[in-house]
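Here are the chains, one letter per residue:
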Amino acid sequence: MSLLSVRGISKRFPARRGMVDMLRGRPKLAVHAVEQVSLEVFRGETLGIVGESGCGKSTLARCLVRLHEPDAGAIDFDGADVLGLAGPERRAFNRRVQMVFQDPYSSLNPRMTVGATLGEALMVHNVVPKAEIPRRVRELLDLVHLMENAAERYPHEFSGGQRQRIGIARALAVEPSLIIADEPVSALDVSVQAAIVNLFMELQDRLGLTLVFITHDLRLVKHMTHRVAVMYLGRIVEVGPTAEIFAAPRHPYTQALIRAVPQVKPGRRSGEAAVMGELPSPLNPPPGCAFHPRCPVATAACRETVPGLEARGGAWDVACLLAG
Ligand SMILES: Nc1ncnc2c1ncn2[C@@H]1O[C@H](COP(=O)(O)OP(=O)(O)OP(=O)(O)O)[C@@H](O)[C@H]1O
Ligand code: SF4
Ligand SMILES: [Mg+2]
């Protein structure tokens, strides 16, 4: 059963134009950050969203929580039309869907103790009566395996991994139904990444959370997600059960990504999604299938027709004219 259902979401940003462009009357351009994305998030699952840098993962996440207003499309959360929510209903939605960001330091107030930060989240949303806040703060710290005395300390006294635990505790404070984590471990040392990933998995299991986990690291996706959506230039090109897709990817882009995983390229972030050739500019995405300039099996039709995300005779959806 779907908790969150996304239909045809698009988001474009106006591109900055130089003076010369303006004087010469060159047309305004837009970054096609998210194009026609449809997606289901099922209750209790971990859904991975993966793709190269700039493919629109964060923009999509921000549209889902209305940090960006999409230009088109609809979002349904637990039966409610998210883009139409206002007043108390919007506040209830803001409570039920929480985001965890890549850099927990910039999202924590450096002048507030951890206890005050968590207490504030509890107070804003009236989660527990005031008198119970200290007890609830202790429970939250315990849930993310931080010492009780963390409540009296300030963010700078913690390591990156511990700070991410605080960020997770703050998200959990309001008892959300859905957590959207945008690259929550990519700023951390490889040695602490596994501990945070395991914490997410443990919490998901214990609390029955629904989790959207955004990452450029395919190894994390394989390890911890039930289903995965692969993005390319703002679109989802393949979505389905993680184990099955890793065993037999159907989209040429997914195939290339999975093949590229074991190669450690100098200068690349570990496990980063990367395939041959340059990623085209989202200012001017190629016509037809946006992957065609890099696709080893592209045909003439691929330059003209945008492939829809469909089952195409298989067990999960893929956006490739040659699939099936
Ligand atoms: N606020 C903005 N204004 C203008 N352009 C933006 C804005 N946010 C994102 N973009 C552009 O939209 C595209 C998608 O960016 P986005 O941050 O969603 O990608 P991403 O997949 O999260 O990348 P990364 O892996 O680097 O985090 C990029 O070309 C980016 O430059
Ligand atoms: S539609 Fe064509 S270009 Fe696009 S992935 Fe499939 S074969 Fe390649
Ligand atoms: Mg991002």
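The structure this text deals with has already been given above.
Since the model is a prediction, treat every value here as computed from it, not as a measurement.

Caption draft 1: Main features of the overall build of the protein chain. Within the protein chain, the secondary structure is distributed over 10 helices and 11 strands. Judged by the C-alpha coordinates and their principal axes, the protein chain covers about 70 × 45 × 40 Å. For the protein chain, restricting intrachain contacts to residue pairs at least 6 apart in sequence, the fraction spanning at least 24 positions comes to 66%. For the protein chain, the accessible area works out to roughly 15,400 Å², and carbon and sulfur atoms hold 53% of it. In the protein chain, 38 side chains carry a positive charge and 33 a negative one; their mean positions are 5 Å apart.

Caption draft 2: Molecular detail of the sheet that holds strand E2 (residues 30–42). Strand order in the open sheet made by the four strands is E2-E1-E4-E5, with antiparallel pairing throughout. Strands with a single pairing partner mark the edges of an open sheet, and in this sheet they are E2 and strand E5 (80–81). In this sheet, strand E4 (residues 72–77) lies alongside strand E1 (residues 2–14) in antiparallel orientation, the contact comprising five bridges. Residue Arg7 lies in a different strand from E4, and its bridge partner there is Ala74. Here helix H2 (residues 57–64) sits on the sheet and contacts E1, E2 and E4; the angle it forms with E1, its principal contact strand, is near 120°.

Caption draft 3: Structural context of the site of ligand 1. Taken together, 13 residues are adjacent to ligand 1, and Ser53, Gly54, Lys57, Ser58 and Thr59 come closest. At 2.7 Å from an oxygen atom of ligand 1 is found a main-chain nitrogen or oxygen belonging to Gly54. Take Lys57: an N or O atom from its side chain is 2.8 Å from an oxygen atom of ligand 1. In the complex, 64% of the free accessible area of ligand 1, which totals 630 Å², lies under the protein chains. Mapped by element, the contributors of at least two residues to the shell around ligand 1 are E2 and H2. For the shell around ligand 1, the leading source of residues is H2, giving three residues.

Caption draft 4: A look at the site of ligand 2. Lining the immediate environment of ligand 2, one finds 13 residues, of which Cys289, Cys295, Cys302, Cys320 and Leu321 sit closest. When the residues that make up the shell around ligand 2 are grouped by side-chain class, the tally is 11 nonpolar, two polar and no charged.

Caption draft 5: View of the sheet that holds strand E6 (residues 97–100). Strand order in the open sheet formed by seven strands is E6-E7-E8-E3-E9-E10-E11, with mixed pairing between adjacent strands. Every other strand in the sheet has two partners, leaving E6 and strand E11 (317–318) as the edge strands with one partner each. Bridging between E6 and strand E7 (residues 178–182) involves four bridges; their strand directions are parallel. Each residue of the ladder has a partner; that of Gln98, found in E7, is Ile179.

Caption draft 6: Region of the structure containing the packing of helix H5 (residues 133–143) against helix H6 (residues 160–173). At a minimum axis distance of 9 Å, the contact between H5 and H6 shows a crossing angle of 130°. Between H5 and H6, the interaxial angle falls into the category oblique. H6 is crossed by H5, and the crossing has right-handed handedness. Residues Arg136, Leu140 and Leu143 of H5 pack against Ala169, Leu172 and Ala173 of H6. Looking at the contact of H5 with H6, its residues break down into five nonpolar, no polar and one charged.

Caption draft 7: The packing of aromatic side chains, seen in detail. With the rule as written, the count across this model stands at five aromatic pairs. Aromatic pair Tyr232 and Phe291: ring centres 5.0 Å apart, planes at 85°, arrangement edge-to-face. Taken together, the residues Tyr232 in strand E9 (residues 227–232) and Phe291 in the loop between helix H10 (252–260) and E11 connect sequence positions 59 residues apart. Taken individually, Tyr232 and Phe291 each receive the classification buried, so the pair is uniform in this respect. Given a relative accessible area of 1%, Phe291 falls into the buried group. Members of the aromatic cluster, each reached through a chain of ring pairs, are Tyr232, Tyr253 and Phe291.

Calculation rules
Residues numbered from 1 in each chain as written. Chains lettered and ligands numbered in written order. Predicted model: local features only at pLDDT ≥ 70, side-chain atom pairs only at ≥ 80, totals over all residues. Heavy atoms only, no water. Helix = DSSP H or I, 4+ residues; strand = E, 2+ residues; numbered from the N terminus. Contact = heavy atoms within 4.5 Å. Areas by Shrake-Rupley, 256 points an atom, 1.4 Å probe, with all protein chains shown as cover. Lys, Arg positive; Asp, Glu negative; His and termini not counted. Charge placed at Lys NZ, Arg CZ, Asp CG, Glu CD. Pairing = 2+ DSSP bridges. Axes fitted to C-alpha atoms, helices over the stretch in contact; angles between N-to-C directions. Near = heavy atom within 4 Å. Polar contact = N/O pair within 3.5 Å; in protein donor to acceptor, adjacent residues only side chain to side chain. Nonpolar A, V, L, I, M, F, W, Y, C, P; charged D, E, K, R; others polar. Parallel < 35°, antiparallel > 145°, perpendicular 65-115°, else oblique. Left-handed = near helix turned anticlockwise from the far one by under 90°. Phe/Tyr/Trp six-rings, centres within 6.5 Å; stacked < 30°, edge-to-face > 60°. Buried < 20%, exposed > 50% of the residue type's maximum accessible area, 1.4 Å probe, protein only.

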